[in-house]
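Close look at the chain arrangement
Okay, here's what each chain looks like letter by letter:
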Amino acid sequence: MKNLYFLSGMLLAVACCGIKAETVGKTAGPTAPAPTAADPGSVAVPVAPQTPEEKFRADFVNPGGMWMPSQMTLPKHVEIFNKMGVSIPAERLADPLASPLGAIVFLGGCSASFVSPDGLVVTNHHCVQRALQHNSSDKQNLVEHGFLAQTRADELGAGPTRRIWVAQSFRDVTSEMRDGLEKIRNPKKRKQAYEDRSKRLIAACEKGRPGIRCSLKSFFNGDLYKLIAYLEIRDVRLVYVPRRSIGNYGGEQDNWAWPRHTGDFAFYRAYVAPDGKPAEYAPENVPYTPTHYLKVSTAGVHPGDFVMVAGYPGRTERCATAAAIEHDVAWTYPHIIDYLKQRYAITETLISNPNKTTAIKAGVAKQMTQNYLEKSQGVFAGLTQGDLLERKRSLDDQIKAWAQAPGPEAVKAAIEKLAELEAEQHRTAEVDFERNLAFFRSSRLFATALELVRMASERPKKDTDRKPGYQNRDMPNLIAKQKAFNGLYDRQLDKALFKFALTRAAGLPAADRPWLGKMLGVKKGARIDAATIDAALKKMYEKTGLEDEGLRVELMQKGTMARLRTMAAKDPVIKAALAVWPMVKVEESKSDAREGELLLVQPAYARGMREVLGGFLSPDANATLRITYGTVRSFNPASTAEVDRSFTTASQIPAKNTGNKPFDAPQELLEAIQARTYGPYADAALDGALPVNFLSDLDITGGNSGSAVLNSKGELVGLAFDGTIAGVASDVVFNSETQRTISVDIRYVLWIMDVIDNADHLLKEMGITPAL
């Protein structure tokens with residue numbers, strides 16, 4: 001699945017001006033070897049159900065849902081859990097601060113969990129790529145070779161912007177956010193009132209609580225609001241990451257595919273100041289002691305077993321209208337797919353750059369782009385080749401019929417108004433996409449310049465009047481972002497992607513991109529071609545001072561509009577940012593008015609959906625803690641075909657291995673497999689085979705990467721890291737027949753740590769005795 005939650009949200013925001021990661025047909029990677037007498041355990045043949053619980057699980061049709069913990073006491077969940085033989089009480093799962101949910105943390109785009117009393121955190125390999133990139137250089141390529149700290153003193157800072165958020169409290173603030181909004185007739189003033197309420201609640205939540213970061217989250221399209229307090233851990237360190245040839249085995253070719261043989265895991269550690277409070281990286285900091293951490297199970301799971309995922313899924317669109325999804329199918333997805341194909345080609349070209357730093361950063365960008373490209377193609381195929389779109393239309397018709405029934409006229413009017421607002425937004429989709437791509441989503445350098453302009457424009461205001469994200473509470477993170485900039489930025493890559501975005505914009509009618517000439521510094525009406533863009537970019541990158549960290553930090557802390565205007569005489573990037581700033585403000589004003597309208601009408605649609613579905617509806621994913629549950633299940637449990645097995649095993653790797661990327665497993669791994677050095681990590685139910693990855697029908701999306709997969713006792717049995725291409729359209733309409741989650745079996749993780757990388761000290765820390 002990779003870390004595509006932010007990329008997907010970013011691009012859909014670009015497409016819709018502030019409203020939402022190769023081939024679609026690829027459903028499997030290279031075929032793993034057929035099972036042999038030497039490894040009969042590679043065939044996961046279902047055992048005939050014997051107990052009532054086994055019978056229920058075998059017949060279970062997953063209804064889907066990324067459920068808020070507070071929903072776990074719904075009678076239907078309680079009934080299902082009882083019939084499945086789950087031993088965790090529903091009341092405990094309804095408490096997000098109790099075990100096991102209290103051990104689940106958010107990384108900002110990925111999920112993770114504590115697995116020791118000393119702040120050890122496990123997540124996916126692909127979730128730590130930015131931290132590896134931050135610590136890599138021409139002489140040390142951690143992205144390729146991985147990293148293992150032999151002592152805690154060897155653990156590496158993951159970067160100035162790396163955070164671990166640990167939930168502390170949840171409070172329903174719906175009435176405080178919604179009451180009286182309908183009495184504010186002006187949409188912009190309504191949006192401002194909403195924003196002011198949000199800032200007041202957050203300020204009160206954080207007051208007198210150092211280290212606490214509060215977040216206001218909307219559920220059910222704004223029909224429910226929760227204020228969540230997190231402990232924001234700012235000293236995050238790399239502990240252990242297997243080499244790429246294990247952590248990303250199969251690479252792009254196996255992405256979104258099954259069978260799979262990927263060791264997608266990694267470890268961070270959370271550090272705090274000696275007094276136990278969050279602090280910036282410092283040598284004297286000490287490991288954080290979590291209230292809860294997960295027990296790691298070596299017993300494993302088997303076909304038909306209950307499993308659940310706890311994590312922070314990023315974004316789904318199940319509560320969207322049919323009209324919105326139809327627009328996505330007709331325009332958004334085709335447009336984004338075309339854009340991503342071109343972006344991918346640019347990054348692919350740069351990975352062979354003789355400058356190793358450029359090649360490393362282009363490689364990370366290429367991986368992220370490919371991931372979202374393939375997912376976008378999969379969602380588009382799922383919505384156009386099956387009946388999912390028709391199911392969406394049918395549900396939409398039921399909601400509209402519910403709104404037409406005798407009752408408050410306001411509900412009917414709200415749903416009709418929502419349709420009008422969406423249609424208006426769709427009319428400017430392409431112009432909005434290309435403008436926002438050029439301003440914010442192509443060049444880190446230019447986006448940073450705009451952020452400095454924004455901060456300078458907000459600085460004269462009272463702190464309470466500033467836009468969210470630019471208040472005093474945000475300054476530490478804004479500065480950290482500037483300190484992390486150089487670790488992620490590469491001039492050649494940035495320039496190539498910026499040129500690409502500007503060239504796309506130049507293809508629009510001149511009337512639809514009046515900002516482009518101002519950005520490039522050409523006269524009104526002048527022809528803008530490749531030569532014009534090249535000349536402007538050459539000047540920008542050669543003469544700007546914004547590649548200097550000290551200057552960026554100073555401007556973020558003290559910059560004023562007057563100073564930026566003075567600097568613009570010599571700095572063409574700042575000059576370009578100031579030139580388009582008025583356009584940014586105009587579009588922001590339009591967006592505020594639209595959002596003010598949506599505040600009153602969007603909740604009605606989600607309320608109607610809940611009514612039609614009898615109240616059994618989870619809200620769309622929004623990067624808050626959720627639970628999803630189901631069973632270990634292949635696509636066809638009755639079949640013994642390779643693609644229909646629930647598990648892959650280590651013995652399949654040698655035949656799949658070519659010695660070349662991405663099928664280039666380390667020699668010591670191949671030798672250990674040949675010797676069947678599996679020890680206690682082998683599965684007796686698989687006749688002694690070592691499980692690598694397994695399938696389940698769990699309902700996940702981007703942001704769930706790194707999520708803990710738990711058994712019926714709440715013990716860690718795996719890490720979710722991907723889905724199959726056939727199921728990605730479940731982000732829009734859940735489909736139990738095609739939705740499958742791919743997880744790395746924790747026994748394979750432990751085996752790699754024990755046999756291949758000699759991470760015995762970490763095994764002991766997690767309560768596991770090294771055996772080999």
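Summary of the structure given here. (Residues numbered from 1 in each chain as written. Predicted model: local features only at pLDDT ≥ 70, side-chain atom pairs only at ≥ 80, totals over all residues. Heavy atoms only, no water.)

This brings us to the overall build of the chain. Regarding its fold elements, the chain presents 27 helices and 18 strands. Overall size of the chain, expressed as C-alpha extent along the three principal axes, is 75 × 70 × 55 Å. Residues classed as buried in the chain amount to 60% of the 772 residues present. Just so you have it, the chain exposes about 29200 Å², and 53% of that area is on carbon and sulfur atoms. Counting 97 positive and 89 negative side-chain charges, the chain places the averaged centre of each group 7 Å from the other. (Helix = DSSP H or I, 4+ residues; strand = E, 2+ residues; numbered from the N terminus. Buried < 20%, exposed > 50% of the residue type's maximum accessible area, 1.4 Å probe, protein only. Areas by Shrake-Rupley, 256 points an atom, 1.4 Å probe, with all protein chains shown as cover. Lys, Arg positive; Asp, Glu negative; His and termini not counted. Charge placed at Lys NZ, Arg CZ, Asp CG, Glu CD.)

Let's shift gears to the sheet that holds strand E14 (residues 647-649). Ordered in space as E13-E12-E16-E17-E18-E15-E14, the seven strands form an open sheet in which the pairing is antiparallel. This sheet does not close on itself; its edge strands, each paired only once, are strand E13 (626-631) and E14. Adjacent strand axes in the sheet meet at a mean angle of 30° when their direction is disregarded. Pairing of strand E12 (residues 306-311) with strand E16 (residues 708-710), which is carried by three bridges, proceeds in the antiparallel orientation. Bridge pairing links methionine 308 to leucine 710 in E16. Relative to the sheet, helix H3 (residues 75-84) contacts E12 and E13, its axis offset from that of E13 by approximately 40°. On top of the sheet, helix H26 (residues 746-756) reaches E14, strand E15 (691-696), strand E17 (716-723) and strand E18 (741-745); it is set at about 35° to E18, its chief contact. (Pairing = 2+ DSSP bridges. Axes fitted to C-alpha atoms, helices over the stretch in contact; angles between N-to-C directions. Contact = heavy atoms within 4.5 Å.)

A few words on unusual backbone geometry. In this chain, tryptophan 258 is followed by proline 259 through a cis amide linkage whose omega measures 10°. Turning to its location among the elements, proline 259 is positioned in the loop between helix H10 (251-254) and strand E10 (266-272). Geometrically, the link from lysine 661 to proline 662 is a cis peptide bond, its omega value of 5° lying close to zero. Position of proline 662 among the secondary structure elements: in the loop between helix H24 (653-656) and helix H25 (667-674).

On to the packing of aromatic side chains, then. In total, this model carries 24 aromatic pairs according to the counting rule given. Residues phenylalanine 56 and phenylalanine 60 carry aromatic rings whose centres are separated by 6.0 Å and whose planes lie at 40° to one another, so their mutual orientation is tilted. A relative accessible area of 8% means that phenylalanine 60 is categorised as buried. Judged by centre distance (5.7 Å) and plane angle (80°), the ring pair of tyrosine 249 and phenylalanine 663 falls under edge-to-face. With tyrosine 249 in the loop between helix H9 (244-247) and H10 and phenylalanine 663 in the loop between H24 and H25, the pair connects residues that are 414 residues apart, well separated along the chain. Note on accessibility: tyrosine 249 and phenylalanine 663 belong to one class, buried. Taken together, the aromatic side chains of Phe56, Phe60, Phe81, Phe306 and Tyr629 make up a single cluster linked through ring pairs. (Phe/Tyr/Trp six-rings, centres within 6.5 Å; stacked < 30°, edge-to-face > 60°.)

Counting 71 residues, the largest nonpolar core has Phe267, Leu669, Leu716, Trp751, Met753 and Met766 as the members making the most contacts within it. Here this core gets eight residues from one element, more than from any other, and that element is H26. Excluding anything up to four places from it in sequence, methionine 753 contacts Tyr240, Phe265, Phe267, Asn758, Ala759, Asp760, Leu762, Leu763 and Met766. Among the nonpolar cores identified, the runner-up in size contains 65 residues, and Tyr372, Phe446, Phe498 and Ile528 belong to it. (Core = buried A, V, L, I, M, F, W, Y, C linked by side-chain atoms within 4.5 Å.)

Turning to the pairing of E17, a few remarks are in order. Across the eight residues that make up E17, a large majority, eight, are buried. Pairing between E16 and E17: three bridges, direction antiparallel. In the sheet register, leucine 710 faces E17, and the bridge partner there is leucine 716. Relative to E18, E17 runs antiparallel, the two sharing five bridges. Residue leucine 719 lies in a different strand from E18, and its bridge partner there is valine 744.

Between helix H11 (residues 322-350) and helix H18 (residues 491-506), whose axes approach to 10 Å, the crossing angle comes to 150°. Classified by the angle their axes make, H11 and H18 are roughly antiparallel. Handedness of the H11/H18 crossing: right-handed. Here His335, Asp338, Tyr339, Gln342, Arg343, Ile346, Thr347 and Leu350 of H11 lie close against H18, whose contacting residues are Gln492, Leu493, Ala496, Leu497, Phe500 and Arg504. In terms of residue class, the contact of H11 with H18 is made up of seven nonpolar, four polar and three charged. (Parallel < 35°, antiparallel > 145°, perpendicular 65-115°, else oblique. Left-handed = near helix turned anticlockwise from the far one by under 90°. Nonpolar A, V, L, I, M, F, W, Y, C, P; charged D, E, K, R; others polar.)

Further remarks concern the state of the cysteines. Tallying each qualifying case throughout the model produces two disulfides. Residue cysteine 110 pairs covalently with cysteine 127 via a disulfide, S to S 2.1 Å. On the sign convention where negative means left-handed, the S-S torsion of about -80° between cysteine 110 and cysteine 127 marks this disulfide as left-handed. Of the two residues, cysteine 110 sits in the loop between strand E1 (104-106) and strand E2 (111-114) while cysteine 127 sits in the loop between strand E3 (120-123) and helix H5 (129-134), which places them 17 residues apart along the sequence. (Disulfide = S-S within 2.5 Å.)

This part is about the side chain of arginine 197. Tracing the sequence through the fold places arginine 197 in helix H8 (residues 187-206). This buried residue, arginine 197, is left without a salt bridge; aspartate 179 holds the nearest opposite charge, at 6.5 Å. Polar side-chain contacts of arginine 197 include one of 2.8 Å to the backbone oxygen of aspartate 179. Arginine 197 has contacts with Glu176, Met177, Arg178, Asp179, Gly180 and Leu181, leaving out every residue within four places of it along the chain. (Salt bridge = Lys/Arg side-chain N within 4 Å of Asp/Glu carboxyl O. Polar contact = N/O pair within 3.5 Å; in protein donor to acceptor, adjacent residues only side chain to side chain.)

With that out of the way, let us pick up H18. Quick reminder: α-helices carry 3.6 residues per turn. Residues three or four places apart thus point the same way. Between the first and last C-alpha of H18 there are 22 Å, a value that for 16 residues agrees with the 22 Å anticipated at 1.5 Å per step. Taken residue by residue, H18 has Leu493, Asp494, Leu497, Phe498, Phe500, Ala501, Leu502, Arg504, Ala505 and Ala506 as its buried positions. Lining the buried residues of H18 we find H11, helix H12 (356-385), helix H15 (429-440), helix H16 (444-458), helix H19 (514-520) and helix H20 (530-543). For H18, the capping residue at the N-terminal end is aspartate 490, with a side-chain oxygen 3.2 Å from the backbone nitrogen of glutamine 492. (Expected span 1.5 Å × (residues − 1).)

Honestly, that's just the spatial picture; any functional story needs more than this.
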